Amino acid sequence: MTILLTPYRSNGIQKLSQSPATPKPGLTPPALNASIHAQRCLKQLRSKDKSIEKYIYLSHLKNEDPSIFYKLCLENMAEITPIIYTPTVGDACLQFSHIYRRPEGLYVSIKDKGNIRSVLNNWPKLDEARISVVTDGSRILGLGDLGVNGMGISIGKLSLYIAGAGIRPESTIPICLDLGTNNQKFLDDPFYLGNRHQRVSDKEMEEFMDEFMHEMFRAFPKLMVQFEDFSTDNAFKYLDRFRNKYAVFNDDIQGTGAVILSGFLNAAKIASAASGRPLTSHRILFFGAGSAGVGVAMQLQSFFTLQGRSIEEARRQIYLVDLEGLVYNARGRLPEYKKYFSRDDYSGPPMTNLLDIIDYAKPTALFGLSTVTGAFTPEVIRAMAANNPRPIIFPLSNPVRLSECSFADAVEHTHGAVLFASGSPFPQQQYGGRTLYPGQGNNMYIFPGLGLGAILARVSSVTDSMVEASSLELADSLTDEERSLGLLYPKIERIREISADIAKAVIRAAQNADVDRSNDLRKMSDSELLRFIHGKMWKP
Ligand SMILES: NC(=O)C1=CN([C@@H]2O[C@H](COP(=O)(O)OP(=O)(O)OC[C@H]3O[C@@H](n4cnc5c(N)ncnc54)[C@H](OP(=O)(O)O)[C@@H]3O)[C@@H](O)[C@H]2O)C=CC1
Ligand SMILES: CC(=O)C(=O)O
Ligand SMILES: [Mg+2]
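Here the structure is a predicted model, which means the values were calculated and not measured.

### Examining the nonpolar core
Thinking step 1. Counting residues in each nonpolar core, the largest one holds 154 residues, and the members touching the most others are Leu285, Phe286, Val321, Phe367, Ile393 and Val506.
Thinking step 2. It is helix α22 (residues 495–512) that contributes the most residues to this core, 10 residues altogether.

Okay, here's the thing in structure tokens:
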């Protein structure tokens, strides 16, 4: 590890390759030692009281000395992930225009329409680019339209790509598209860093997106794009529009689908053992029917059909709830993405009370992707426990303050029986003399490995089979020790090992689907491929 003396100050790309192996005498204190310096940085981090101050400190450290930053991340994943990612990244995005210090990432604005190529060409390392996280800031976590402040989420996700899958820092491009914002508070804020107008029309956005994607893949031919936190309609629309043309996936729809299928599988095995119910006949109630809710529903349905259920049977195991309650045909007009799972077996008056819906659907699993804090009240949790010996309750909304319930509440009101995962982390709980561990059902377990596999196989598109492979691999990755502790997801400290396994599964799925462009990998045995993947990981 080297200690940087003169960080390269251009848009967050450090000249890692040119940092001196041994600092020149006189330019650093005589006893500066890399591993003690990492401890020094950790001590400085821990001395800060507020999580946003920790975020600012780490952000600064990453830009000054990425090697130390990523070393700290890898050695302290459980402590640092909640700072650089959810929940703190939510606050950082809210305050982005106020805490901004220096450029990082690439901003492409509606004003660049017709000229996007030249903006992309300004990126310092065109040949290096492999992965870009692109947001338009229109639905950042559950915090709504944050406009250009959404850059913080692209940066945070890419830090996890680097820490979690060993993507080279200089191969990542955080991008925020500035298509305006409908956030009046931001439009009135003199510090706001984006264009000061309402979001552009659908037609204008469509023309912009077509040009943007075309130019992205001309400028960066080896790229994979992750769409992040687009508002619901656009999340579905642009995934559909580009998925067969470019190497692109939507993290909120597909990444979340994969990670929740994985946690559900591990939870359902335990729940089925307690109830005697077959794994494939679980009933799942989604509180929240947006991009994440419907994305997870599609992934679960696909899994049930692969296990032998008919498409119709699998569809009927899923219930969606939105702002107007249970989603059913007789309710009236529905957006396209809700129609598929809309119930045709209920035609009564609108069913808006979650307790009534639980009573009607008798779900074995309840997922929250609604952004409604505390929607899983003690009564709701108790109703789940009354119907199921081991109820599966996943409040998945981010950040933590939008979670549908806390782990402590879920444990208390199910007498410790709950099988739990949340989008943002909660502390473990003591119950009946045992320690109970919450799972973190967050797409952060999927996208690093999925992205690594996709770029190593040089895929031309990201298929459903690749996403599904990532999910099944994650579900399988629990060790005996983790299973004995009742975990639904592996410990985050093992993220590199898990990402490598996921990347291998993704590469094999890409080969089976014939979307890979790296023939050499086809010739490798599984163990050779895994060694190759580990060898490709950047290490701080
Ligand atoms: N854990 C993870 O890995 C992930 C978590 N998420 C989190 O999930 C949440 C939702 O994201 P996303 O699906 O993209 O957002 P959307 O805005 O697309 O969806 C939100 C959904 O919640 C519904 N909803 C809102 N208020 C209520 C209410 N009072 N009662 C019932 N339903 C309600 C909305 O209803 P309507 O359709 O009627 O407007 C909509 O269907 C966010 O907090 C996000 O951070 C997202 C991706 C990954
Ligand atoms: C985790 C994530 O992608 C989200 O909350 O939007
Ligand atoms: Mg997201």
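### Digging into the confidence of the model for the protein
Thinking step 1. Predicted confidence across the protein gives a mean pLDDT of 95, with 96% of residues reaching 70 or more.
Thinking step 2. Counting interchain partners and residues more than four positions distant, the pLDDT-below-50 stretch residues 1–20 has 45 contacts.
Thinking step 3. Taken together, the chains of this predicted complex give a pTM of 0.96 and an interface ipTM of 0.99.

### A short note on the pairing of strand β11 (residues 419–422)
Thinking step 1. Where burial is concerned, the two faces of β11 agree: the one with Leu419 and Ala421 and the one with Phe420 and Ser422 are both buried.
Thinking step 2. In terms of strand pairing, strand β10 (residues 392–395) meets β11 through two bridges, oriented parallel. Within β11, the position partnered with Ile392 by the bridge is Leu419.
Thinking step 3. Read from β10 through helix α18 (residues 407–413) to β11, the crossover connection turns out right-handed.

### Comments concerning the packing of helix α12 (residues 251–275) against helix α13 (residues 291–306)
Thinking step 1. Contact geometry of α12 with α13 gives a least axis separation of 7 Å together with a crossing angle of 55 degrees. By the criterion of interaxial angle, the relationship of α12 to α13 is oblique. In this structure, the crossing between α12 and α13 has a hand that is right-handed. Where α12 approaches α13, its residues Asp252, Ile253, Gln254, Thr256, Gly257, Ala258, Ile260, Leu261 and Phe264 are matched on the opposing element by Ser291, Ala292, Gly295, Val296, Met298, Gln299, Leu300 and Phe303.
Thinking step 2. Broken down by class, the residue content of the contact of α12 with α13 amounts to 10 nonpolar, six polar and one charged.

### Brief notes about the UniProt feature "domain: Malic enzyme NAD-binding" (unreviewed entry) in the protein
Thinking step 1. Mapped onto this numbering, the UniProt entry annotates "domain: Malic enzyme NAD-binding" (unreviewed entry) at residues 253–511.
Thinking step 2. This span, residues 253–511, is 46% helix and 12% strand, and a straight line between its end C-alpha atoms measures 23 Å.

### As for the site of ligand 1
Thinking step 1. Near ligand 1 you find 30 residues, and of these Gly142, Gly290, Asp322, Leu323 and Gly423 are the closest.
Thinking step 2. At the level of elements, α12, α13 and β7 (318–322) are the ones that each hand at least two residues to the shell around ligand 1.
Thinking step 3. Looking at the shell around ligand 1 residue by residue, the class counts come to 11 nonpolar, 15 polar and four charged.
Thinking step 4. Split by domain, the shell around ligand 1 shows at least three residues from each of two domains, domain 1 (16–246) and domain 2 (254–430).

Reading guide: rules and limits
Residues numbered from 1 in each chain as written. Chains lettered and ligands numbered in written order. Predicted model: local features only at pLDDT ≥ 70, side-chain atom pairs only at ≥ 80, totals over all residues. Core = buried A, V, L, I, M, F, W, Y, C linked by C-beta atoms within 7 Å. Buried ≥ 20, exposed ≤ 12 C-beta atoms within 10 Å, placed from the backbone. Helix = DSSP H or I, 4+ residues; strand = E, 2+ residues; numbered from the N terminus. pLDDT = per-residue confidence, 0-100. Contact = placed C-beta atoms within 7 Å. Pairing = 2+ DSSP bridges. Right-handed = clockwise from strand over helix to strand, strands pointing away. Axes fitted to C-alpha atoms, helices over the stretch in contact; angles between N-to-C directions. Parallel < 35°, antiparallel > 145°, perpendicular 65-115°, else oblique. Left-handed = near helix turned anticlockwise from the far one by under 90°. Nonpolar A, V, L, I, M, F, W, Y, C, P; charged D, E, K, R; others polar. UniProt positions renumbered as here; feature names shortened; annotations may be inferred. Near = placed C-beta within 6 Å. Domains from an automatic or database assignment.

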